[in-house]
Every structure is written in structure tokens, then in C-alpha cells.
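# Coordinates in review
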Amino acid sequence: MSDSTPEKNPVADALREWGFDVKTFETRAKRSLDSARGDLTEVSGALHQTLTTTKQVLLNLQKQRAPVAAELKKGFEDAWEAIEKAFTRAREKVREQDRPESRQ
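Note that the structure is predicted; figures quoted are calculated from it, not measured.

## Here's the deal with the pattern of salt bridges
For the structure on display, the rule yields six salt bridges. Two residues, Lys85 and Glu81, come together in a salt bridge whose shortest N-O distance is 3.2 Å. With Lys85 and Glu81 both in helix 3 (residues 67-103), this residue pair falls four residues apart, about one helical turn.

Quick look at the structure:
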């Protein structure tokens, strides 16, 4: 095996010395990586489809100017406000935790 010379891969050589089957490990790692890529592609596709569908629903609601659209908008605004308040509270807690340390 010409690719396992100490100059090219000293880590693999050390692992072999300790009894690791590097080829099996590499094969499993490649399978895991391929599986993760597939999973990521699937999740990404599902998210993209959901985003597309959601945008279309919102556009349809906006075009209809139905009371439902106003209610949905209010819900989004309330949720956004709640998120901003949560971040503000979290920052406050971090600042409070940092204060005693700076006095010591």
C-alpha cells in the first residue's frame, strides 16, 4: 500500500499500530457521510417545499384580504415580539451573571 507511508498519513499508521482497522473505519465513515448527506438533502428538500407552500398560502391570503390574513399577520407579529422579548431577557440574565465577576 503506497498511500500509507509515514510521510503521507502518520495518524493512520499510528492507529494501525494500536490495532485499529483503518480501512474498515474509513469505509464506515464514508457510508455515514453519504447517509448524512442524503438525510440533509431530504430535510433541505422538505424545508424548501414547506417554505414554498407557506409562501403560496400567505400570498393567497393576502390577495383575498380575508380577516384570516389579518389574524395570521397579528399572530406572526405577536410571535416575533415574544421572541424579541425572550432575547432581551436572556441578554439581561447574561449581563447580570457577568456583573459579579467583573467586581471581583
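The discussion continues.
## Some thoughts on a nonpolar patch on the surface
A cluster of nonpolar residues, Leu58, Leu72 and Phe76, forms a patch on the protein surface that exposes about 240 Å² of accessible area. Within the secondary structure, Phe76 is located in helix 3.

## Thoughts on helix 2 (residues 22-64)
For helix 2, built from 43 residues, the straight-helix expectation of 63 Å at 1.5 Å per residue is met to within 8% by its first-to-last C-alpha distance of 62 Å. Where helix 2 ends, the next residue or the one after it, Arg65, has phi of about 50°, a positive value.

Scoring rules and cut-offs
- Residues numbered from 1 in each chain as written.
- Predicted model: local features only at pLDDT ≥ 70, side-chain atom pairs only at ≥ 80, totals over all residues.
- Heavy atoms only, no water.
- Salt bridge = Lys/Arg side-chain N within 4 Å of Asp/Glu carboxyl O.
- Helix = DSSP H or I, 4+ residues; strand = E, 2+ residues; numbered from the N terminus.
- Patch = residues over 30% accessible without salt bridge, like charges linked within 9 Å, V, L, I, M, F, W, Y side chains within 5 Å.
- Areas by Shrake-Rupley, 256 points an atom, 1.4 Å probe, with all protein chains shown as cover.
- Expected span 1.5 Å × (residues − 1).

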